[in-house]
Amino acid sequence: MPTTDTGKLYRNECTGPALELANKHSKPEDITLFGSCFCPFVQRVWAAFEHLQIPYQYYEVDPYKKPKDLLEVSPKGLVPGLRFNNFNPPRALNESTVILEYINDVAEQTNGRSLLPPVTNPYARALVRLQCDHISRSVIPAFFRYLIPQDPEKQLEGKKEYLAALDTLIALFERTEKEIVRETGSAATGEGEKKALAKGLGLWVEDNEDLGMADVMVGPWIFRSTIVLKYYRGFEMPVGERFTQWANKLINHPDFKSTSSTEDLYLDSYERYAFNRPNTSQVADAVNTGRGLP
Ligand SMILES: N[C@@H](CCC(=O)N[C@@H](CS)C(=O)NCC(=O)O)C(=O)O
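A few points on the structure. A quick note: this is a predicted structure, and the numbers were derived from the prediction, not measured.

## Comments concerning the site of the ligand
Moving on, step 1. Neighbouring residues of the ligand: 16 residues in total, closest C39, K66, S96, Q282 and P294.
Moving on, step 2. Here an oxygen atom of the ligand and a side-chain polar atom of K66 are 2.6 Å apart.
Moving on, step 3. Take S96: an N or O atom from its side chain is 2.6 Å from an oxygen atom of the ligand.
Moving on, step 4. In the complex, the protein chains occlude 95% of the 520 Å² of accessible area that the ligand would expose alone.
Moving on, step 5. Of the pockets mapped on this structure, the ligand occupies the largest pocket.
Moving on, step 6. For the shell around the ligand, the elements supplying multiple residues, two or more each, are helix 2 (40-52) and helix 13 (282-289).

## Looking at the packing of aromatic side chains
Moving on, step 1. In the structure shown here, the tally under the stated rule is 23 aromatic pairs.
Moving on, step 2. Taking the centre distance of 5.3 Å and the plane angle of 65 degrees together, the rings of F84 and Y102 count as edge-to-face. Taken together, the residues span a long stretch of sequence, with F84 in strand 3 (residues 81-84) and Y102 in helix 4 (residues 96-110) at a distance of 18 residues.
Moving on, step 3. For Y102, a relative accessible area of 31% gives the class partly exposed.

## A short note on the packing of helix 2 against helix 8 (residues 213-233)
Between two packed helices, both the angle of their axes relative to each other and the distance between the axes serve to describe the pair.
Moving on, step 1. Relative orientation of the contacting elements helix 2 and helix 8 amounts to 130 degrees, with a least axis distance of 8 Å. The angle between helix 2 and helix 8 places the two elements in the oblique class. Between helix 2 and helix 8 lies a crossing whose hand is right-handed. Seen from helix 2, the contacting residues are P40, F41, Q43, R44, A47 and A48; seen from helix 8, they are V216, M217, P220, W221, F223 and R224.
Moving on, step 2. Here the residues of the contact of helix 2 with helix 8 sort into 9 nonpolar, 1 polar and 2 charged.

## Looking at the side chain of N104
Moving on, step 1. Mapped onto the elements of the fold, N104 is located in helix 4.
Moving on, step 2. By relative accessible area, which is 0% here, N104 ends up buried.
Moving on, step 3. Aside from chain neighbours lying at most four places away, what touches N104 is L52, R113, S114, L115, L116 and M213.

Reading guide: rules and limits
Residues numbered from 1 in each chain as written. Predicted model: local features only at pLDDT ≥ 70, side-chain atom pairs only at ≥ 80, totals over all residues. Heavy atoms only, no water. Near = heavy atom within 4 Å. Polar contact = N/O pair within 3.5 Å; in protein donor to acceptor, adjacent residues only side chain to side chain. Areas by Shrake-Rupley, 256 points an atom, 1.4 Å probe, with all protein chains shown as cover. 1 Å grid on protein atoms, 1.4 Å probe; cavity = no way out; pocket = protein on both sides within 12 Å on 5 of 7 lines; lining within 4 Å. Sits in = over half its atoms within 2 Å of the grid points. Helix = DSSP H or I, 4+ residues; strand = E, 2+ residues; numbered from the N terminus. Phe/Tyr/Trp six-rings, centres within 6.5 Å; stacked < 30°, edge-to-face > 60°. Buried < 20%, exposed > 50% of the residue type's maximum accessible area, 1.4 Å probe, protein only. Axes fitted to C-alpha atoms, helices over the stretch in contact; angles between N-to-C directions. Parallel < 35°, antiparallel > 145°, perpendicular 65-115°, else oblique. Left-handed = near helix turned anticlockwise from the far one by under 90°. Contact = heavy atoms within 4.5 Å. Nonpolar A, V, L, I, M, F, W, Y, C, P; charged D, E, K, R; others polar.

See below:
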């Protein structure tokens, strides 16, 4: 594991598959997605745009420089942000989770695609939202509490917290699958009926190939765990056939992979977090002062 900060700077241009996708979406559209290549909150929204097949323009910005056009769509100057160009003055939305719900609503009403179970199954939708709630409250804060502190004891605490949060996420996936697919579907004879019940439950369910809301919510941190946490903290992903299968399916899903840059981009961009450089970001400030994430 590296012991000295080599002063690498965060990147401001995508690489690999994400660069190809950014170039493909560089022309003006009704919606502009303000993004930054290294940002996990952006990646979740970007993968959702792809999966839901909603037209957008990808626009790379540096959120630490707080450009005026970003502040106009996102009051704290955080990415992601959306600008709706068909309104005068343009309308805007920020906060990745709000944006996810919004574009999912739009897709459900325009092209029938969705990251959630059908509206006719409110309980299944609620179980998926429980997974998402847990991701926001526990998985993501633990990731940063593992990566940022420099004191080895604090890092160990962060690691334990992160592993426990992943275990709880697995339990929530299992509960959803059991209650919605296995128990509800126990009387279902045909594969078609089982498949209909599994719709919108995401990649945890064995034959599901469509991304679900929890997949896009947590995917960027699972992906970064295999690169950034591994390199800077020697982290190994939890063992377990189902978890490994799910994580691989997620990282390699075409709509997720196409929004991913090459590993070097993440290693460079996260060095400032791994060595807790001063003035790194609002996320780092929150972790260092024990406040909630921005
Ligand atoms: N709660 C926000 C968090 C977004 C966020 O923290 N984005 C980071 C980049 S990964 C950012 O824009 N940081 C700028 C700063 O810290 O000033 C969301 O979910 O959209």
